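What the coordinates show
Single-letter residue listing:
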Amino acid sequence: MSHAMTWYQLSDAGMSALTPSAPSYSFTSSLLPNDSIAPNLRAVAYGDGFFSTMGVHKAQLLWQSYHQARIMSHCQALQLTLSTQVEQQLWREIRQFATTIGDGLIKVILSRPAQNLRGYAYSTQAADNEALIWIGVMQTAALAEHTAQFLRGDSDDGPSLGEQVLQQPPIIAQCLQSQLASLPQPLAGLKTLNRLDGVMIAGELQRHKQQNAELAESLVADMSGNWVEGVMSNFFYTLKPELAAEGNDAASDVWYTPPIEQSGVRGVMRQVILDKLAKLGTPAQLRYLSNEDLNQLEALFFCNAVRGVTPVQQLWFQNERFQLSLAPFQYNIK
């Protein structure tokens, strides 16, 4: 199956296809003129905007309320305008796409429109910053066959897949040398378009995968050397009981996740899991992961809004191979 997305632009006139071969779902598609994707768009020139990628599983849009919260908070942080009418139209279209593709991905990009001011500058008037919106749609095979049982409570037994965290098969991961850039507020933690550090990090992972095809994800450090996220994921971990017995600030039955303060993205699934663990009465704690912690890891999983939870069965660091427990990740075969 192709990994290419079909792209549309949302405007006052409705949805317009940006891809000549784009299927017409519930609207009349017309190809936009070439200057609509000109290099002077601020998304292209400066990465002036943000994006959110959503999973669709069995025609259900996963975690819509969390993506809505991200979009509104990012618009506020970047001073982009998104009217109530446009937001409602956006989610109507997204839900229609989800119903149509059944399983797959939907990516939404919001960017600042072209400005009359030169260079980086932009108008402070809300009317001049009405977000340009693009929607990418890709149909895939089913995103997962299992759900994360350790994150389920009594209230999660209903039919809504959107309330159950998907779970992938265990993987092998590696620690990378590339580092994440540090950003000031209000940019820290946002999923902005300008992600050159992420591009270079993903390139390093691809080079390792050419030599070791079994690698699927990697840990990435910030500029201080703390491991704070994956290439395309956040992560949670537990530590062996010995570390707690030695008087450290760790306990073996607690999930930890690194704080996202200057580097990395506060992911949708990271927040879902933080909320779920708190609701289950076992709240996660914010704690950096250092090199010294790696040989004390008990369990670790990556997470993102599309794939859900991905357990790690083995972690590679330099010449060491750490075997991790899969005990928390029981599989519920459908």
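Here is a short report on the structure shown in this document.

Thresholds applied
Residues numbered from 1 in each chain as written. Predicted model: local features only at pLDDT ≥ 70, side-chain atom pairs only at ≥ 80, totals over all residues. Heavy atoms only, no water. Helix = DSSP H or I, 4+ residues; strand = E, 2+ residues; numbered from the N terminus. Buried < 20%, exposed > 50% of the residue type's maximum accessible area, 1.4 Å probe, protein only. Contact = heavy atoms within 4.5 Å. Areas by Shrake-Rupley, 256 points an atom, 1.4 Å probe, with all protein chains shown as cover. Salt bridge = Lys/Arg side-chain N within 4 Å of Asp/Glu carboxyl O. Axes fitted to C-alpha atoms, helices over the stretch in contact; angles between N-to-C directions. Left-handed = near helix turned anticlockwise from the far one by under 90°. Nonpolar A, V, L, I, M, F, W, Y, C, P; charged D, E, K, R; others polar. Core = buried A, V, L, I, M, F, W, Y, C linked by side-chain atoms within 4.5 Å. Phe/Tyr/Trp six-rings, centres within 6.5 Å; stacked < 30°, edge-to-face > 60°. Pairing = 2+ DSSP bridges.

Quick notes on the overall build of the protein chain
Scanning the protein chain for helices and strands turns up six helices and 17 strands. Expressed as a percentage of its 334 residues, the buried residues of the protein chain come to 51%. Taking as baseline every contact in the protein chain between residues at least 6 positions apart, the subset at least 24 positions apart corresponds to 70%. Surface exposure of the protein chain reaches about 16200 Å², of which carbon and sulfur atoms provide 50%.

Some thoughts on the pattern of salt bridges
Two side chains with opposite charge may pair up if their charged atoms get near one another. Counted by the stated rule, this structure contains three salt bridges. Of the charged contacts in the structure, one is a salt bridge between Arg42 and Asp48, with a shortest N-O distance of 2.7 Å. Assessed through its relative accessible area of 5%, Arg42 is described here as buried. Asp48 sits in the buried class, given a relative accessible area of 11%. Across the pair Asp293 and Arg287 runs a salt bridge, and its minimum N-O distance is 3.1 Å. Across the pair, Arg287 and Asp293 agree in class, each one buried.

A closer look at the packing of helix H2 (residues 64-78) against helix H3 (residues 84-101)
At a closest axis distance of 13 Å, the pairing of H2 and H3 adopts a crossing angle of 145 degrees. H3 is crossed by H2, and the crossing has right-handed handedness. Within the contact between the two elements, H2 uses Gln64, His67, Gln68, Ile71 and Met72 and H3 uses Glu87, Leu90, Trp91 and Arg95. Residue composition of the contact of H2 with H3, by class: four nonpolar, three polar and two charged.

Details of the nonpolar core
Among soluble globular proteins, nonpolar side chains are generally buried collectively. The biggest cluster of nonpolar side chains holds 28 residues, and the ones touching the most others in it are Phe236, Trp255, Ile273, Phe301 and Val309. Where this core is concerned, the elements lending two or more residues are helix H6 (268-279) and strand S15 (297-304). Excluding anything up to four places from it in sequence, Phe236 contacts Trp255, Tyr256, Thr257, Arg270, Ile273, Leu274, Leu277, Ala284, Ala299, Leu300, Phe301 and Cys303. Formed by 27 residues, the second largest nonpolar core is a distinct cluster that contains Ile71, Leu90, Ile94 and Phe97.

Thoughts on the packing of aromatic side chains
Counting across every chain of the model gives 14 aromatic pairs. When the ring of Trp63 is compared with that of Tyr66, the centres are 6.0 Å apart and the planes differ by 85 degrees; the resulting orientation is edge-to-face. With 6.1 Å between their ring centres and 40 degrees between their planes, Phe235 and Tyr237 make a pair best called tilted. Note on accessibility: Phe235 and Tyr237 belong to one class, buried. The structure contains a cluster of three or more aromatic residues connected by ring pairs, namely Phe150, Phe236, Trp255, Phe301 and Phe329.

Observations concerning the environment of Ala202
As for its placement among the helices and strands, Ala202 is situated in helix H4 (residues 196-211). Separated by 26 residues in the primary sequence, Ala202 and Leu176 place their C-alpha atoms 9.7 Å from one another.

A short note on the sheet that holds strand S3 (residues 49-57)
On the basis of which strands lie adjacent, the open sheet formed by six strands has the order S2-S1-S6-S5-S3-S4 and antiparallel pairing. Among the strands making up the open sheet, the edge pair consists of strand S2 (14-17) and strand S4 (60-61). In this structure, strand S1 (residues 6-11) lies alongside strand S6 (residues 132-139), joined through five bridges in antiparallel fashion. Its bridge partner being in S6, Trp7 is matched across the sheet by Gly136. Running at roughly 10 degrees to S6, H3 makes contact with S1, S2, S3, S4, strand S5 (104-111) and S6 of the sheet.

Digging into the pairing of S15
Counting buried positions along S15 gives seven out of eight residues, so the element sits mostly inside the fold. A loop of three residues connects S15 with strand S16 (residues 308-317), the two strands running antiparallel in sequence.

Side note on the environment of Cys75
Its location among the elements puts Cys75 in helix H2. Separated by 36 residues in sequence, Cys75 and Ser111 have C-alpha atoms that sit 9.2 Å apart. Dropping the residues within four chain positions of it, Cys75 is found in contact with Phe50, Leu80, Leu82 and Leu110.

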